[in-house]
2 protein chains.
Amino acid sequence: MTGGGPSSANSSQPEEVCLVCQDISTGYHYGVPSCNGCKTFFRRTIMKNQTFTCQFQKKCPVDKSVRCACRHCRFEKCLQVGMDRNAIQQNRDPIGYTKRTRRYPPIKKIEASEECSPNMMSESDRNEDNFLATLTATEEKCKRLRLSEYMPTRTLIEAVVSPCLLYDDQFMAEHGEPSPRHSYKDLRFATQVDYHYWHERDWFVMIEWAKTLPVFQALTFPDKLALLRHSAITYPSLVHVFNSPDHGLDTIVFPDGAYFDRTPEPTRPLGFNKKKYQMLDQLLKPIRQMSIDTTEFSAFKAIFFLNPDADDVDATAKKILSDGRSAITNALYRYMVKNKGAEDAGDRFGRLLLLGTVLATMAVEMKEAVLVADFFDQIKFSMFAKQLLFGIKTENA
Amino acid sequence: MTGGGPSSANSSQPEEVCLVCQDISTGYHYGVPSCNGCKTFFRRTIMKNQTFTCQFQKKCPVDKSVRCACRHCRFEKCLQVGMDRNAIQQNRDPIGYTKRTRRYPPIKKIEASEECSPNMMSESDRNEDNFLATLTATEEKCKRLRLSEYMPTRTLIEAVVSPCLLYDDQFMAEHGEPSPRHSYKDLRFATQVDYHYWHERDWFVMIEWAKTLPVFQALTFPDKLALLRHSAITYPSLVHVFNSPDHGLDTIVFPDGAYFDRTPEPTRPLGFNKKKYQMLDQLLKPIRQMSIDTTEFSAFKAIFFLNPDADDVDATAKKILSDGRSAITNALYRYMVKNKGAEDAGDRFGRLLLLGTVLATMAVEMKEAVLVADFFDQIKFSMFAKQLLFGIKTENA
DNA sequence: ACCATAGGGTCAAAGGTCTC
DNA sequence: GGAGACCTTTGACCCTATGG
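Values in this document were obtained by computation on a predicted structure and should not be read as measured data.

**Q** Report on the overall build of chain A, specifying residues and quantitative values.
**A** The secondary structure content of chain A amounts to 15 helices and five strands. The buried share among the 397 residues of chain A stands at 50%. For chain A, the computed accessible surface area is about 19600 Å², with 54% contributed by carbon and sulfur atoms.

Dropping the structure here:
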């Protein structure tokens, strides 16, 4: 009962797509290379003798993505590409049909494990996605550590080489509780001391966070320092923006209620007000508007922390960083496709990555140690902070 | 529509409850055993692109009795148990009234209202993609103009307000031919004069190019100047990198055979060698390795030219720029999906956008007029260039 | 007598409809 | 205007008849 199609043996390409909708063809059906869907659609329509009405101008496009949108135009297209209604067998002798035997795996076992059918995803892809989950979990730990009372006194070297506190369960059990000092009832305008305090805390957390990254672990000590110094200004800014309670698009609030907004502060150095506006206009606003979630934030933070183009990074480290960054970028992209939809993922992904130019700009503008010192009004830094901002040797600064 | 669910009547237990609300499941929906309500809720939410806000702590319980209490938490639960938004399909052809007594007359009769084909691609999407084609065509014209002999003498103001030469067919016919001076047989090490020459040419082309962009046309004159100044360093660098004939990853060659490479030039100012390395390591290498095509390049150039975060850009212009940039980003993304495959598009798109951080860094580093002057060794600029680099008022510089 | 091809059937899981 | 019970449609996957 074959249809009459020329099943040309050579068949290279043209037979591989459905002439109706361009989906992958499953062979000739009713004389035309076509997909399962169009084949079944055509048969049903003929057999039920259905008639459809186009809601528009009978010119609707028909392709894989919209083939169900207009049945009239789909059926017309079927006829137009040559599907043969005479190939439909109105009454096939129902001899010997068996009930469909159940073949599928009877269970899916959602179980405590998780999702993800293990089909077309590569091993490395899965690793990347696991890594994203780990990043997110780490971010939650960072939030706890940030709000805690704990604040070590140590040199930058000690901080970098010491074991990571975030994965020290005993430490986190002891010190992971939010400090009562890090909550608020009323807002108060942030003073110099507040900026100083939260920068020191976030530098502390930044290093603990960095130490959890496998890519960071793979670097030499000088390269680690180069990265940390490169992110010394942008990391705390990002954290302040993302974790600020929502008091409007013009206000950034620290956990203890200290806040800043657009109020000009003329007694501050020039760069200070500019940076406030950058944080509000170029970071807070887009991040709020996009409703970035913790996973996206943690990936974003890592992507821009692992910057192969940071100053003083060694050539071999560049490669490691570039690959590591790429892995996270890919994982983030897949996460967005899965959770925000393939349609919106491109836009969202693009917007998020473009925020990187803001960070790069801030990083360069604040790069000069003299600017940093100026920005903080020459406030007394801890030894740790001095080493981070001005370099290890400057123990005397 | 793959089967997969066990419809076996006896079927033990776990499959029978909705993983979102524990109600009785009506089968797998969007990948998860779920009830009719949660299934419909998920679909509606996605299709209407709704966002909900939790009134409490985003920890609301979700079960059969309270599933409607907090839509935010219900939707989160849907995602959390693994409902797959990619399983949501496009709109289908309306099915007609089902046999519960009809209420309203069956007129739909949109009639010849207008175009409106139910394609999944929105009107704006198609416009975006046309725009990408236009951008690419413009880029080809820019290449011709760049290689031509023509070089006007005019002020920056005149350049910005004059009609665009690229779409002046008569002009392009007369002046669009490559100059013999812009070809080479042998390479020669670039001198200060060469840098100067090609920067002036590319600034000229940059402005003609900018004037073709609808988004640019929509800006006020001061905003136009702000954008041009912001890109004054990065635009020529990008063009030099992308159009350089391939003489290896360590060499950038101008059309007339002048080249530079890693050879240190100690007599140059400090920023000079650093910028050379940036161009080679951070732009040339990735751009070559990715084999960026002209369409991608032209979109990339536009995305980073239309920078809402450039200094001195007005607040209303920011919005225009942000929307315009987003449109190009989306078009670029769709282009990559279409031409490089959905699998690789994410990675490729990410890599390209991340190059923006390099541009941002270069832009800031060279921002200070004094640095620019230093970079070019105080060479004599044209009036045009002085105005571009140092501002309109500085006619006397 | 293969066995690849192309018919038809099945049903889980999409989407739409309509009442509350 | 949202929720969800109830409806139709879709199409991946199955089985089988046919003819080279």
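**Q** Give a description of the state of the cysteines that names residues and reports values.
**A** Residue and element names in this part refer to chain A. Per the stated rule, a full pass over the model turns up zero disulfides over all chains. Its sulfur unpaired, Cys-70 is 3.6 Å from the next cysteine sulfur, which belongs to Cys-73. We classify Cys-70 as buried; its relative accessible area is 4%.

**Q** With reference to specific residues and values, describe the sheet that holds strand E3 (residues 188-189) of chain B.
**A** Residues and elements named next belong to chain B. Strand order in the open sheet formed by three strands is E3-E5-E4, and the pairing between neighbours is mixed. Each having just a single partner strand, E3 and strand E4 (252-253) make up the two edges of the open sheet. Where E3 and strand E5 (residues 258-260) come together, two bridges link them in parallel fashion. Bridge assignment links Phe-189 to a residue of E5, and that residue is Tyr-259.

**Q** How would you explain the packing of helix H1 (residues 36-47) of chain B against helix H2 (residues 71-80) of chain B if you had to name every residue and give the values?
**A** Residues and elements named next belong to chain B. At a minimum axis distance of 10 Å, the contact between H1 and H2 shows a crossing angle of 100 degrees. Comparing their axes, H2 and H1 come out roughly perpendicular. Facing H1, whose interface residues are Gly-37, Cys-38, Phe-41, Phe-42, Thr-45 and Ile-46, H2 presents Arg-71, Arg-74, Phe-75, Cys-78 and Leu-79. Each residue belonging to the contact of H1 with H2 can be placed in one class, and the counts come to seven nonpolar, two polar and two charged.

**Q** Describe in detail the environment of Asp-323 of chain A, supporting the description with residues and values.
**A** Residues and elements named next belong to chain A. Counting through the fold element by element, Asp-323 comes out in helix H12 (residues 315-340). Assessed through its relative accessible area of 41%, Asp-323 is described here as partly exposed. In terms of polar contacts, Asp-323 uses its side chain to reach the side chain of Lys-319, at 2.7 Å.

**Q** So what about H1 of chain B? Which residues, and what values?
**A** Residue and element names in this part refer to chain B. End to end, H1 covers 16 Å across 12 residues, agreeing with the expected 16 Å (1.5 Å per residue, within 8%). Listed in full, the buried residues belonging to H1 are Cys-38, Thr-40, Phe-41, Phe-42, Thr-45 and Ile-46. Lining the buried residues of H1 we find H2.

**Q** Explain the sheet that holds strand E3 (residues 188-189) of chain A to me, using residue names and the numbers behind them.
**A** Read from one edge to the other, the open sheet built from three strands follows the order E3-E5-E4 (chain A), with strand pairing classed as mixed. Both edges of this open sheet fall to E3 and strand E4 (252-253) of chain A, since each of them pairs with a single strand only.

**Q** Residues and numbers for unusual backbone geometry, please.
**A** With phi around 55 degrees, Lys-58 of chain A is a residue other than glycine that occupies positive phi space. Examined against the element boundaries, Lys-58 of chain A turns out to sit in the loop between helix H1 (36-47) and helix H2 (71-80). One non-glycine residue, Gln-22 of chain B, lies in positive phi territory at about 70 degrees. Its location among the elements puts Gln-22 of chain B in the segment before strand E1 (28-29). Given a relative accessible area of 44%, Gln-22 of chain B falls into the partly exposed group.

**Q** Talk me through the packing of aromatic side chains; I want residue IDs and the actual numbers.
**A** According to the stated counting rule, one finds 37 aromatic pairs over all chains in the structure shown. Ring plane angle 0 degrees and centroid distance 6.2 Å describe the contact between Trp-198 of chain A and Phe-254 of chain A, whose orientation is recorded as stacked. Of this pair, Trp-198 of chain A sits in helix H6 (residues 192-211) while Phe-254 of chain A sits in the loop between E4 and strand E5 (258-260); the two residues are 56 residues apart in sequence, bridging distant segments of the chain. For the residue pair Trp-198 of chain A and Phe-254 of chain A, the accessibility class agrees, reading buried in each case. Put simply, the rings of Tyr-195, Tyr-197, Trp-198, Phe-254, Phe-260 and Phe-272 of chain A touch in pairs and so form one group of aromatic residues. Lying over the aromatic face of Trp-209 of chain A, Lys-301 of chain A brings its terminal NZ or CZ to 4.1 Å of the ring centre. Just above the ring of Phe-41 of chain B sits the side chain of Arg-74 of chain B; from NZ or CZ to the centre is 4.5 Å.

**Q** Please provide a residue-by-residue account of the side chain of Asp-93 of chain B, values included.
**A** Mapped onto the elements of the fold, Asp-93 of chain B is located in the loop between H2 and helix H3 (123-147). According to the relative accessible area criterion, Asp-93 of chain B is buried, its value standing at 8%. Once you skip the residues sitting within four places of it in the chain, Asp-93 of chain B turns out to touch Gln-55, Cys-68, Ala-69, Cys-70, Arg-71 and His-72 of chain A.

**Q** How would you summarise the pattern of salt bridges if you had to cite specific residues and measurements?
**A** Opposite charge on two side chains lets them pair, provided their charged atoms get close. Applying the stated criterion across every chain, the model contains 37 salt bridges over all chains. Between Glu-365 of chain A and Lys-274 of chain A there is a salt bridge, with the nearest N and O atoms lying 3.0 Å from each other. You can see Glu-365 of chain A sitting in helix H13 (residues 342-365) and its partner Lys-274 of chain A sitting in helix H10 (residues 270-290), a full 91 residues away along the chain. You can call Lys-274 of chain A partly exposed: its relative accessible area is 29%. Put simply, Glu-265 of chain B and Lys-276 of chain B hold a salt bridge, and the shortest N to O gap is 2.7 Å. Of this pair, Glu-265 of chain B sits in the loop between E5 and helix H10 (270-290) while Lys-276 of chain B sits in helix H10, placing them 11 residues apart in sequence. Overall, the relative accessible area of 3% leaves Lys-276 of chain B in the buried class. If you follow the salt bridges from partner to partner, you end up with Asp-23, Lys-64 and Arg-67 of chain A in one network.

**Q** Lay out H10 of chain B with the relevant residues and their values.
**A** All names here are of chain B. With 21 residues, H10 should reach 30 Å at 1.5 Å per residue; the first-to-last C-alpha distance of 30 Å fits that figure. The sharpest bend along H10 measures roughly 35 degrees and falls at Leu-284, with the proline Pro-286 sitting one to four residues further on. The positive-phi residue at the C-terminal boundary of H10 is Ser-291, with phi of around 50 degrees.

**Q** Mind laying out the side chain of Thr-361 of chain B, listing which residues take part and the relevant values?
**A** Within the secondary structure layout, Thr-361 of chain B lies in helix H13 (residues 342-365). On the basis of relative accessibility, which here comes to 17%, the residue Thr-361 of chain B falls in the buried class. Engagement of the side chain of Thr-361 of chain B in a polar contact is seen with the backbone oxygen of Thr-357 of chain B, the distance being 2.8 Å. Dropping the residues within four chain positions of it, Thr-361 of chain B is found in contact with Ala-360 and Val-364 of chain A together with Gln-278 of chain B.

**Q** Outline the confidence of the model for chain A, supporting the account with residue identities and numerical values.
**A** All names here are of chain A. With 81% of its residues at a pLDDT of 70 or more, chain A shows a mean pLDDT of 81. This model gives residues 1-14 a pLDDT under 50, and the stretch forms four contacts once residues within four places in sequence are excluded. A low-confidence stretch, residues 95-121 stays under pLDDT 50, and its non-local contacts, those more than four residues away or across chains, total 18 contacts.

**Q** How would you summarise the packing of H6 of chain A against helix H9 (residues 234-243) of chain A if you had to cite specific residues and measurements?
**A** Residues and elements named next belong to chain A. It is at 9 Å that the axes of H6 and H9 come closest, and there the two elements cross at 105 degrees. The angle between H6 and H9 places the two elements in the roughly perpendicular class. Contact residues: H6 offers Trp-198, His-199, Asp-202, Trp-203, Val-205, Met-206 and Trp-209, while H9 offers Tyr-235, Pro-236, Val-239 and His-240. When grouped by side-chain class, the residues that make up the contact of H6 with H9 number eight nonpolar, two polar and one charged.

**Q** Hey, could you go over the environment of Cys-60 of chain B for me, with residue numbers and the actual values?
**A** Residue and element names in this part refer to chain B. Positionally, Cys-60 belongs in the loop between H1 and H2. Judged by its relative accessible area of 18%, Cys-60 falls in the buried class. In this structure the C-alpha to C-alpha distance between Cys-60 and Val-241, which are 181 residues apart in sequence, comes to 54 Å. Among all residues touching Cys-60, those that are not within four sequence positions of it are Cys-54, Cys-70 and Cys-73.

Cut-offs applied
- Residues numbered from 1 in each chain as written.
- Chains lettered and ligands numbered in written order.
- Predicted model: local features only at pLDDT ≥ 70, side-chain atom pairs only at ≥ 80, totals over all residues.
- Heavy atoms only, no water.
- Helix = DSSP H or I, 4+ residues; strand = E, 2+ residues; numbered from the N terminus.
- Buried < 20%, exposed > 50% of the residue type's maximum accessible area, 1.4 Å probe, protein only.
- Areas by Shrake-Rupley, 256 points an atom, 1.4 Å probe, with all protein chains shown as cover.
- Disulfide = S-S within 2.5 Å.
- Pairing = 2+ DSSP bridges.
- Axes fitted to C-alpha atoms, helices over the stretch in contact; angles between N-to-C directions.
- Parallel < 35°, antiparallel > 145°, perpendicular 65-115°, else oblique.
- Contact = heavy atoms within 4.5 Å.
- Nonpolar A, V, L, I, M, F, W, Y, C, P; charged D, E, K, R; others polar.
- Polar contact = N/O pair within 3.5 Å; in protein donor to acceptor, adjacent residues only side chain to side chain.
- Expected span 1.5 Å × (residues − 1).
- Phe/Tyr/Trp six-rings, centres within 6.5 Å; stacked < 30°, edge-to-face > 60°.
- Lys NZ or Arg CZ within 6 Å of the ring centre and 35° of its normal.
- Salt bridge = Lys/Arg side-chain N within 4 Å of Asp/Glu carboxyl O.
- Bend = angle between axes of the 7 residues up to and from the residue.
- pLDDT = per-residue confidence, 0-100.

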